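# Coordinate analysis (summary)
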Amino acid sequence: MEERKVYLNRHTNLLELEEHMYQLADVETPNVFRNLFRYDEIPKIAFNDRIVPHHMPDEIWITDTTFRDGQQSRAPYTTDQIVTIYDYLHRLGGPNGKIRQSEFFLYSKKDRDAVYRCLEKGYEFPEVTSWIRASKKDFELVKEIGLKETGILVSCSDYHIFYKLKMTRRQALDHYLSVVRECMETGVRPRCHLEDITRSDIYGFVIPFCLELMKLMEEYGIPVKIRVCDTMGYGVNFPGAVIPRSIPGIIYGLMTHAGVPSELIEFHGHNDFYKAVNNSTTAWLYGACGVNCSLFGIGERTGNTPLEAMVFEYAQLRGTLDGMDTTVITELAEYYEKEIGYHIPSRTPFVGKNFNVTRAGIHADGMLKNEEIYNIFDTEKFLNRPALVSVSNTSGAAGIAYWINAYYKLSGERQVDKNSELVKRIKEWVDKEYEDGRVTVLTDEELVDKIDSVCKELHMTL
């Protein structure tokens, strides 16, 4: 048996032993990790305390699945809506194209029309890409439109290989490779979506499969992307957790054992266990350049990683927005509410109606003295959303004046102060509400109705 080589790792400047080569384990019966995923029990998170190093790439970016996974959980967007949202994504990503790509369905005429119209925009970013099943018939659609890259569904857990596809691992691997090869024959870049990777045999199937994909990449000179799909949201970011649930372990394995470079690794998370954002950030930290997201997290079941969340994760990790225009996030939220008719839950971070509204009386007092005390950052600067203080029996005239100025975006001479007749009238009404036994804060709708009424009496406009 040939001894493994010792070589110098140029990243760590340490001598390392060449990694073991992982062969496909073509098992007779599926390995569905019943020790972790008993269907009649809550899934278990086990640890072996094998820690892998952080490996943040030189450059990281966001990709978008609003028009693909985002459309699998709601009424389809119209062609015009898709084109409008695509324009917003282009603006949000900024001049440096931090929203690198957006993927589209190709199956309906509506979706194909949207693809053509988005391509006509001529934007470098987000690049228009597609998504197909591992089917030669589906690939004909990609060739017909002339896209440069397509995602290909390559399910990798034994749940899918044995139970859905009714194949063995060898049959699945050979089938996937044949479709990827055909894709590359025509010069199209394949993006392999490793569905259900967090329930898969990482060393018995995923690593051997990715090694074969890297061989195809070398043979054709065309990059092959690997999308790490946490389809069921089982991934965890805890150091020392065992694979297949460990996101750090999966990313490390792809880079170290399969030789997949960071720029070809992309993480796609679902939020079934409230971990989509943390897992996406973890993928960046451990070596993936890309994280795949959907606007407002709209996606299958509990949804995908919210794109707007990763914009702010990016800024926190890198210390800069790199040109991303975060005010577009508010414009998108307004477009979804007013034009598409999608209701965003009021407490949704960054976009919900109440995400930066302080309701507790003691907190409101702090906000009035210094906004920084109870606001996460300058939300007016970054989101065109000034911080608000809710109105209650503890607000006082100053709190009511603050609410009116913030809600109506009054500045300079247009601002009202606590001694104005409008504020006095509103305060009298508020005091009466609580004297009559009210215990809850006043809603925006109630305040606006009352302010409109008083403004008419005073013959004034805000």
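The preceding data block contains the structure.
Residues numbered from 1 in each chain as written. Predicted model: local features only at pLDDT ≥ 70, side-chain atom pairs only at ≥ 80, totals over all residues. Heavy atoms only, no water.

## Remarks on the overall build of the chain
Heads up, the condition is: Helical segments are the DSSP runs of H or I of at least four residues, strand segments are the runs of E of at least two, and each set is numbered from the N terminus. Remark: exposure states derive from per-residue accessible area (1.4 Å probe, protein chains only) relative to the maximum for the residue type, with buried under 20%, exposed over 50%, and partly exposed in between. Two residues qualify as a contact provided that any one of their heavy atoms is within 4.5 Å of a heavy atom in the partner residue. In this description, accessible areas are obtained by the Shrake-Rupley approach with a 1.4 Å probe, and a residue is regarded as covered only by the protein chains that are shown. For the purpose of charge, His is not counted, nor are the chain termini; Lys and Arg are scored as positive and Asp and Glu as negative. By convention, the point assigned to a charge is CZ for Arg, NZ for Lys, CD for Glu and CG for Asp.
When you go through the chain residue by residue, the secondary structure sums to 15 helices and 12 strands. If you line up the chain on its principal axes, its C-alpha atoms span 90 × 50 × 45 Å. Burial status across the chain gives 53% buried among its 462 residues. Intrachain contacts of the chain at a sequence separation of at least 6 include 72% that bridge at least 24 residues. Approximately 21700 Å² of the chain is accessible, and the part contributed by carbon and sulfur atoms is 50%. Mean positive and mean negative side-chain charge positions of the chain (54 and 68 charges, respectively) differ by 2 Å.

## Observations concerning empty space enclosed by the protein
Here the idea is plain: a probe the size of a water molecule rolls over the atoms and shows the empty space left. Formally: Lining residues are those with an atom within 4 Å of a point, where the points come from a 1 Å grid over the protein atoms alone and group into cavities, where a 1.4 Å probe fits but cannot get out, or pockets, open sets with protein on both sides within 12 Å along at least five of seven lines. Grid points are joined across faces, edges and corners, and a volume is the space filled by probe spheres set on the points. Amino acids are sorted into nonpolar (Ala, Val, Leu, Ile, Met, Phe, Trp, Tyr, Cys and Pro), charged (Asp, Glu, Lys and Arg) and polar (every other residue, Gly among them).
Enumeration according to the criterion identifies 1 cavity of 30 Å³ or more in this entry. In this model, the largest cavity occupies a volume close to 40 Å³. Trp 61, Gln 101, Lys 225, Glu 263, Leu 264, Ile 265, Glu 266 and Gly 290 are the residues that line the largest cavity. Taken together, the residues of the lining of the largest cavity break down into 3 nonpolar, 2 polar and 3 charged.

## Some points on a nonpolar patch on the surface
The condition that has to hold: Patch definition: residues with relative accessible area over 30% and no salt bridge; like charges joined within 9 Å; nonpolar side chains (Val, Leu, Ile, Met, Phe, Trp, Tyr) joined within 5 Å. Basic side-chain nitrogens of Lys or Arg form a salt bridge, by our definition, when they fall within 4 Å of a carboxyl oxygen of Asp or Glu.
Together, Val 6, Leu 8, Leu 15 and Leu 17 make up an exposed nonpolar region whose accessible area comes to about 390 Å². Secondary structure elements with two or more residues in the nonpolar patch: strand 1 (6–9) and strand 2 (14–17). By the element assignment, Leu 17 lies in strand 2. Classification of Leu 17 as partly exposed rests on a relative accessible area of 43%.

## A word on the packing of aromatic side chains
Selection criterion: Note on aromatic pairs: the rings of Phe, Tyr and Trp (six-membered ring only in Trp) are paired at centre separations within 6.5 Å, and the planes decide the class, stacked below 30 degrees, edge-to-face beyond 60, tilted for the rest. By definition, being over a ring means that NZ of Lys or CZ of Arg is both within 6 Å of the ring centre and within 35 degrees of the ring normal.
Within the structure shown, the criterion is met by 26 aromatic pairs. Measuring from ring centre to ring centre gives 4.9 Å for Phe 67 and Phe 104, while their planes differ by 35 degrees; the resulting arrangement is tilted. Taken together, the positions of Phe 67 in the loop between strand 3 (61–64) and helix 1 (79–93) and Phe 104 in strand 4 (residues 99–104) put the pair 37 residues apart, joining distant regions of the chain. Classification of Phe 67 by relative accessible area gives buried; the value is 1%. Since its relative accessible area comes to 1%, Phe 104 is described here as buried. An aromatic cluster is present here, built from Phe 67, Tyr 77, Tyr 86, Phe 104, Tyr 123, Phe 296, Tyr 336 and Tyr 342 joined pairwise through their rings. The cationic tip of Arg 100 hangs over the ring face of Trp 61; the distance from NZ or CZ to the ring centre is 3.9 Å. Taking NZ or CZ as reference, Arg 199 lies 3.8 Å from the ring centre of Tyr 159, over its face.

## Section: the pattern of salt bridges
Inspection of every chain in the model, using the stated rule, returns 35 salt bridges. For Glu 103, the salt bridge goes to Arg 227, with nearest N and O atoms at 2.6 Å. One end of the pair, Glu 103, is in strand 4; the other, Arg 227, is in strand 8 (residues 225–230), and 124 residues separate them in sequence. Assessed through its relative accessible area of 1%, Glu 103 is described here as buried. By relative accessible area, Arg 227 is classed as buried at 1%. Among the ionic pairs, Arg 199 bridges to Asp 196, the shortest N-O distance being 3.1 Å. Considered together, Arg 199 and Asp 196 belong to a single accessibility category, that of buried residues. Beyond isolated ion pairs, a larger network of salt bridges with shared partners links Arg 68, Glu 103, Glu 127, Glu 149, Arg 189, Arg 191, Lys 225, Arg 227 and Glu 266.

## Digging into helix 9 (residues 307–318)
Where we set the bar: By definition here, a helix of n residues has an expected span of 1.5 Å times n minus one.
Helix length check: helix 9, at 12 residues, gives a terminal C-alpha distance of 17 Å against a target of 16 Å (1.5 Å per residue), a fit within 8%. Residues Leu 307, Glu 308, Ala 309, Met 310, Val 311, Phe 312, Glu 313 and Tyr 314 constitute the buried set of helix 9. Positive phi shows up at Gly 319, right after helix 9, with a value of about 80 degrees.

## A few points about the nonpolar core
So the rule is basically this: Nonpolar cores are built from buried Ala, Val, Leu, Ile, Met, Phe, Trp, Tyr and Cys residues. Side-chain atoms within 4.5 Å join them into one set.
Of all hydrophobic cores here, the largest spans 98 residues; its most connected members are Ile 85, Leu 194, Leu 254 and Tyr 336. The dominant element in this core, judged by the number of residues it contributes, is helix 6 (residues 202–220), at 11 residues. Excluding residues within four positions of it along the chain, Tyr 336 makes contact with Thr 66, Tyr 77, Ile 85, Leu 295, Phe 296, Ile 298, Gly 341 and Tyr 342. Residues Leu 422, Leu 447, Val 454 and Cys 455 belong to the second largest nonpolar core, which totals 20 residues.

## Quick word on helix 8 (residues 276–286)
For helix 8, the buried fraction is high: 8 of the 11 residues fall into the buried class. Three or more residues of helix 8 are buried, namely Ala 276, Asn 279, Ser 280, Thr 281, Thr 282, Ala 283, Trp 284 and Tyr 286. Buried residues in helix 8 make contact with strand 3, strand 8, helix 7 (247–256), strand 9 (265–269), strand 10 (290–293) and helix 9. Immediately beyond the C-terminal end of helix 8, within one or two residues, lies Gly 287, with a positive phi of roughly 135 degrees.

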